[in-house]
Amino acid sequence: MTKNITFILLLMFFGTLAFGQDNGLVANTNSPFTKLKSVNLEDVKWTSGFWKEQFDIETQNTLPYMLDLYQNDSVNHAYANFEIAAGLMEGKHRGPSFHDGDFYKIIEGMASAYAITKNPELDKEMDMAIALFEKAQRKDGYLNTPVLIEERWGTLGPEQLQKQLGFEKYNMGHLMTAACVHYRATGKESFLNVAKGVADFLYDFYKKASPELARNAICPSHYMGIVEMYRTTKDARYLELANNLIDIRGTTNDGTDDNQDRIPFREQTTAMGHAVRANYLYAGIADLYAETGEKKLLENLQSIWEDVAYRKMYITGACGSLYDGVSPDGTVYKPSIVQKVHQAYGRPFQLPNATAHTETCANIGNVLWNWRMLQLTADAKYADIVELALYNSVLSGISLEGKEFCYNNPLNVSNQLPFEQRWGDFREGYISKSNCCAPNVTRTLAQVNNYAYNLSENGLYVNLYGSNNIKTSTLSGDVVEVQQESNYPWDGKVTLKIVKAPKKEFAFFLRIPGWSEGSTIAVNNANTEESIVAGSYSEINRKWKKGDVIELDIPMPVRLMEANPLVEETKNQLAVKRGPLVYCLESEDMSTSVDINKILLNVDSEFKTKTIKIDNREVVGIDAKAFVKTEDWSKTLYQPISSSKETIDVTLVPYYSWGNRSKNEMTVWMGY
């Protein structure tokens with residue numbers, strides 16, 4: 001701890017000396033403990049294929065839809081809350097206490113899209129919103145509309161106001177993150193100045209606040225936000241604040257596993273509690289480690305990661321198995337008494353399918369955390385999970401058209417269950433119970449290009465595949481420009497054409513996915529002798545000239561997957577994957593209409609792939625044979641095993657595409 005304080009004080013003295021231009025999604029070029037650095041927001045542009053199609057839907061459908069939605073007071077009160085807080089109209093706060101933060105996410109998505117498109121309408125809309133934030137902000141920098149509306153109009157009442165404080169720091173965290181992205185995308189300081197006021201307020205607040213008073217910081221997006229403010233402004237007070245947030249966490253007598261503060265973080269080695277809060281916390285602590293290098297933080301993050309990746313994560317990369325549950329470890333004040341947890345990580349291997357909570361925000365948090373771990377370590381296993389979650393449990397959170405959203409992402413939807421899921425089993429244009437996931441997936445899909453590459457002192461890391469152009473500067477200032485062409489994830493062939501490269505030797509690090517076998521690499525049609533190991537980066541290092549071509553070929557056979565036998569819910573079942581995609585079966589794709597839970601997949605099927613259309617989007621489906629068990633289970637819980645079954649044809653579709661045609665049944669796991 002003392003070493004950390006000394007290090008931070010040194011940064012306060014020298015902090016402004018080493019910083020240069022840094023316009024990445026996270027500005028970590030000068031972070032001393034990251035092996036990989038972000039490319040700038042505008043450096044990577046999708047040109048065709050999967051992610052270009054998704055980006056076009058983002059800019060043409062999702063962003064306009066979300067902006068209209070959040071400005072429509074008859075549906076969503078977020079924008080009106082800012083108008084009331086600014087004194088432009090009288091009223092009371094309406095909507096959830098995290099409404100502010102959700103609107104900031106939309107602004108962050110708009111800024112990320114603007115970095116690529118330079119659409120003046122986006123710039124205009126952002127300027128209007130930021131002007132409203134400026135009017136609402138208190139002189140001391142405080143900005144949280146429930147409190148400001150109460151101070152101005154006195155319409156909420158003290159009891160209700162206290163309930164609203166729970167997401168105060170969450171709102172501020174998303175404000176700070178969005179402001180940093182906006183500044184890097186536009187060069188304007190208007191939103192950043194608002195964020196400076198908020199960060200200064202927090203610095204002063206935490207200087208004086210007791211741990212009990214400071215504890216209301218649930219869903220801690222402000223860890224990432226504060227560190228990003230430090231990186232952007234070079235104000236080392238913000239790094240001091242981030243470290244202080246970790247120091248006081250878990251030191252109260254009323255901490256809970258649900259909020260990850262029953263014990264201090266430096267004593268935590270497994271994932272616990274609310275999965276969104278947990279993953280946001282882990283991402284923020286990874287950011288803090290990137291600046292301070294405190295070994296204990298990284299050790300615990302790695303231990304928690306192993307707990308998640310090997311015992312608590314779904315095959316789709318989703319996190320948070322439980323709607324409701326109990327912590328087996330009790331509370332800090334009565335360890336022998338269990339406590340309720342919700343939307344939470346369960347016990348190891350506790351992974352139900354039909355009742356899986358798997359909130360979209362938790363899955364996005366998994367991306368944020370693993371991407372930061374990748375940059376700290378350059379270990380491809382983290383990039384594998386970024387890819388897994390993006391293609392499956394993040395994309396499943398939004399419709400193919402881009403205007404409907406999932407709060408939770410179950411792996412089985414059955415009409416036979418005699419109860420209704422609390423959050424529903426279908427997408428909605430507005431999730432009235434909690435719409436936090438919709439703006440979160442909105443900003444995330446505007447930013448996927450930023451995950452595609454990283455820079456290191458030795459070269460360029462290629463993390464994600466898909467047709468794009470990258471033009472960026474190396475850490476030594478040389479220009480590197482590459483055209484990537486690929487029909488990934490439908491096809492594993494990837495071509496990198498060198499347009500410009502440094503004159504000296506330069507390395508390209510190609511990610512060889514952990515799921516792959518038999519990948520090959522050729523340079524100018526000649527196979528390379530470099531090591532090609534699944535789950536690692538293959539380094540291709542030489543002097544390059546314009547026109548050189550690197551070809552990576554990743555075979556994509558259909559693979560039948562099974563779970564660890566300790567996962568009771570999937571025992572004697574299998575799932576289907578091809579490339580990075582998890583597949584599922586829907587009612588529409590069976591030759592006979594039957595209960596989807598009676599399906600047994602024929603493992604001897606030829607598993608032929610074909611291109612099909614779902615909601616005007618092309619996807620690759622997989623034809624197979626299946627059996628249907630013919631037993632009658634009405635008013636029956638147990639019965640003797642039967643060999644009676646019928647054969648049917650089925651077509652499996654990518655999991656992310658489920659529910660776009662109807663609200664029928666779906667399953668990822670099937671008997672065999």
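What counts, and at which threshold
- Residues numbered from 1 in each chain as written.
- Predicted model: local features only at pLDDT ≥ 70, side-chain atom pairs only at ≥ 80, totals over all residues.
- Heavy atoms only, no water.
- Helix = DSSP H or I, 4+ residues; strand = E, 2+ residues; numbered from the N terminus.
- Contact = heavy atoms within 4.5 Å.
- pLDDT = per-residue confidence, 0-100.
- Salt bridge = Lys/Arg side-chain N within 4 Å of Asp/Glu carboxyl O.
- Buried < 20%, exposed > 50% of the residue type's maximum accessible area, 1.4 Å probe, protein only.
- Phe/Tyr/Trp six-rings, centres within 6.5 Å; stacked < 30°, edge-to-face > 60°.
- Pairing = 2+ DSSP bridges.
- Axes fitted to C-alpha atoms, helices over the stretch in contact; angles between N-to-C directions.
- Disulfide = S-S within 2.5 Å.
- Patch = residues over 30% accessible without salt bridge, like charges linked within 9 Å, V, L, I, M, F, W, Y side chains within 5 Å.
- Areas by Shrake-Rupley, 256 points an atom, 1.4 Å probe, with all protein chains shown as cover.
- Core = buried A, V, L, I, M, F, W, Y, C linked by side-chain atoms within 4.5 Å.

Section: the environment of Gly 197
Here Gly 197 lies in helix α9 (residues 190-208). On a C-alpha basis, the gap between Gly 197 and Leu 417 in space is 51 Å, while along the polypeptide they are 220 residues apart. Filtering out sequence-adjacent residues up to four positions away, Gly 197 remains in contact with Gln 137, Asp 140 and Gly 141.

A few points about the confidence of the model for the protein chain
Looking at the protein chain, pLDDT values average 92 and 93% of them are 70 or higher. Across residues 10-20, where pLDDT falls below 50, the model places 16 contacts with residues more than four positions away in sequence or in other chains.

Details of the pattern of salt bridges
All told, the structure shown has 35 salt bridges when counted by the stated rule. Linking Lys 497 and Glu 485 is a salt bridge whose minimum nitrogen-to-oxygen distance equals 3.7 Å. Linking Lys 497 in strand β10 (residues 493-500) with Glu 485 in strand β9 (residues 479-486), this pair joins segments that are twelve residues apart in sequence. Under the relative-accessibility criterion, Lys 497 is labelled partly exposed at 32%.

Some points on the packing of aromatic side chains
One pass over the structure, following the stated rule, counts 34 aromatic pairs. Ring centres 5.4 Å apart and planes at 35° place the aromatic pair Phe 133 and Phe 191 in the tilted group. With Phe 133 in helix α5 (residues 120-136) and Phe 191 in helix α9, this residue pair connects regions lying 58 residues apart in the sequence. The pair Phe 133 / Phe 191 is uniform in exposure class, with both members buried. Look at Trp 305 and Tyr 382: their rings are 5.0 Å apart centre to centre, the planes differ by 75°, and that puts the pair in the edge-to-face class. Residue Trp 305 is located in helix α14 (residues 295-312), and its partner Tyr 382 is located in helix α16 (residues 380-394); the two are separated by 77 residues in the primary sequence. Just as Trp 305 is buried, Tyr 382 falls in that class too. Taken together through their ring pairs, the aromatic side chains of Trp 46, Phe 50, Trp 51, Tyr 391, Tyr 465, Tyr 488, Trp 490 and Tyr 656 make up a single cluster.

What to know about the pairing of strand β22 (residues 645-654)
Direction of pairing for strand β18 (residues 581-586) relative to β22: antiparallel, over a ladder of two bridges. By the bridge assignment for β22, Cys 584 is matched with Val 653. Direction of pairing for strand β21 (residues 617-629) relative to β22: antiparallel, over a ladder of eight bridges. Residue pairing across strands places Ala 624 opposite Val 650, the latter belonging to β22.

Digging into helix α17 (residues 437-445)
Burial analysis of α17 places nine of its nine residues in the buried class, which makes it a mostly covered element. All buried positions along α17 are accounted for by Cys 437, Ala 438, Pro 439, Asn 440, Val 441, Thr 442, Arg 443, Thr 444 and Leu 445. Structurally, α17 contributes buried residues whose contacts are with α2 (50-70), α4 (99-117), α8 (168-186), α13 (275-292), α15 (360-377) and α16.

Concerning the sheet that holds strand β1 (residues 37-38)
Neighbouring strands of a sheet are bound in pairs by backbone hydrogen bonds; such pairs are parallel or else antiparallel. Pairing is mixed in the open sheet, where five strands are placed in the order β1-β6-β7-β11-β14. With one partner strand each, in any of the chains shown, β1 and β14 (536-542) form the two edges of the open sheet. Pairing analysis gives two bridges linking β1 to strand β6 (residues 453-455), with the strands arranged antiparallel. Paired with Lys 37 across the two strands is Leu 455, which belongs to β6. Sitting on the sheet, α16 is in contact with β11 (506-512) and β14, with an inclination near 55° to β11.

Describing the state of the cysteines
Considering all chains together, one arrives at zero disulfides under this definition. The thiol sulfur of Cys 361 is not disulfide-bonded, and the nearest other cysteine sulfur, from Cys 437, lies at 3.5 Å. Residue classification places Cys 361 among the buried residues on the basis of a relative accessible area of 2%.

Quick word on a nonpolar patch on the surface
Together, Leu 560, Val 603 and Tyr 672 make up an exposed nonpolar region whose accessible area comes to about 270 Å². Mapped onto the elements, Val 603 comes out in the loop between β19 (599-601) and β20 (608-614).

Let's talk about the side chain of Thr 442
Considering the arrangement of structural elements, one finds Thr 442 in helix α17. Setting aside residues up to four positions removed in sequence, Thr 442 forms contacts with Glu 58, Thr 62, Leu 63, Met 66 and Phe 405.

A few points about the nonpolar core
Judged by nonpolar contacts, the single largest core of 216 residues is most densely connected at Phe 103, Phe 133, Phe 191, Phe 508, Ile 599 and Val 668. Sort the elements by how many residues they give to this core and α13 lands first, with twelve residues. Val 668 has contacts with Ile 315, Leu 411, Leu 574, Ala 575, Val 582, Tyr 583, Cys 584 and Tyr 655, leaving out every residue within four places of it along the chain.

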